[in-house]
Amino acid sequence: MYKKEFMLEAIEMSKKCLSTGKGGPFGAVIVKNGEIIGRGSNQVTLNNDPTAHAEVVAIRDACKNLNDFQLTDCEIYTSCEPCPMCLGAIYWARPAKLYYAANKDDASDAGFDDSFIYEEIDLPYDKRKIKMEQYEQEEAVKVFDSWKKLSNKVDY
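Residues numbered from 1 in each chain as written. Predicted model: local features only at pLDDT ≥ 70, side-chain atom pairs only at ≥ 80, totals over all residues. Heavy atoms only, no water.

Colleague: Would you mind showing me how to read the packing of aromatic side chains here?
Modeller: Each aromatic ring pair is characterised by the separation of its centres together with the angle its planes make. Scanning the model with the defined rule gives 6 aromatic pairs in all. Taking 4.9 Å as the distance between ring centres and 80° as the angle between the ring planes, the aromatic pair formed by Phe26 and Phe112 counts as edge-to-face. Taken together, the positions of Phe26 in the loop between α1 (4–20) and β1 (27–32) and Phe112 in the loop between α5 (104–109) and α6 (115–122) put the pair 86 residues apart, joining distant regions of the chain. With a relative accessible area of 15%, Phe26 lands in the buried category. (Phe/Tyr/Trp six-rings, centres within 6.5 Å; stacked < 30°, edge-to-face > 60°. Helix = DSSP H or I, 4+ residues; strand = E, 2+ residues; numbered from the N terminus. Buried < 20%, exposed > 50% of the residue type's maximum accessible area, 1.4 Å probe, protein only.)

Colleague: Looking at this model, I keep getting lost on a negative patch on the surface. Mind explaining?
Modeller: Together, Asp105, Asp106, Asp109, Asp113, Glu119 and Asp122 make up a region of like negative charge exposed at the surface. Looking at the negative patch, the elements that each hand over two or more residues are α5 and α6. The dominant element in the negative patch, judged by the number of residues it contributes, is α5, at 3 residues. Relative to the helices and strands, Asp113 is located in the loop between α5 and α6. (Patch = residues over 30% accessible without salt bridge, like charges linked within 9 Å, V, L, I, M, F, W, Y side chains within 5 Å. Areas by Shrake-Rupley, 256 points an atom, 1.4 Å probe, with all protein chains shown as cover. Salt bridge = Lys/Arg side-chain N within 4 Å of Asp/Glu carboxyl O. Lys, Arg positive; Asp, Glu negative; His and termini not counted. Charge placed at Lys NZ, Arg CZ, Asp CG, Glu CD.)

Colleague: In this structure, what is going on with the pattern of salt bridges? I would like to understand it.
Modeller: Side-chain pairs of opposite charge can arise whenever the charged atoms involved come near each other. What the rule picks out here adds up to 4 salt bridges. Between Arg39 and Glu9 there is a salt bridge; the shortest N-O distance is 2.6 Å. Here Arg39 is found in strand β2 (residues 35–41), whereas its partner Glu9 is found in helix α1, with 30 residues between them in sequence. Judged by relative accessible area, Glu9 falls into the partly exposed class, the value being 25%.

Colleague: What should I look at first to understand the sheet that holds strand β3 (residues 74–80) in this one?
Modeller: Backbone-to-backbone hydrogen bonds pair the strands of a sheet. The strands run either parallel or antiparallel. The 4 strands lie next to each other as β2-β1-β3-β4, forming an open sheet whose pairing is mixed. In this open sheet, the two edge strands, each paired with only one partner strand, are β2 and β4 (97–102). Sheet twist, expressed as the mean angle between neighbouring strand axes with direction ignored, is 15°. Where β3 and β4 come together, 5 bridges link them in parallel fashion. (Pairing = 2+ DSSP bridges. Axes fitted to C-alpha atoms, helices over the stretch in contact; angles between N-to-C directions.)

Nothing here speaks to function; it is all geometry.
Here is the structure:
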């Protein structure tokens, strides 16, 4: 169930990130059983890491604190609607719910426009800005076949 205090904490983290100059204006918290178990603010420029968005940083923190690779029964509060990369990470983490404040149009207006990624995904591989070519599929599929046969694998 939505709790304003957690959203305000995510927004406060985005403000701090902005005021310290350590990254873009984004913050996120992850909550389980009414407690914050993970925090993240944008650290892209601080760490020279294009994947260090607030949501991804918060997911990493929460998973470390839970000692688990999934966010079962958790809720994510984020200062802005997640970009495609963060949304993918959120789906992989499998939280129960996501709440966001600003939307992708608000982010675009501030200079954070992710629409080109959505457009690229719909294009055939040969029409994308980053060219993609496939080689050695058969060899790679052999590894997947071995994975499928493992009896001690951890599904995720």
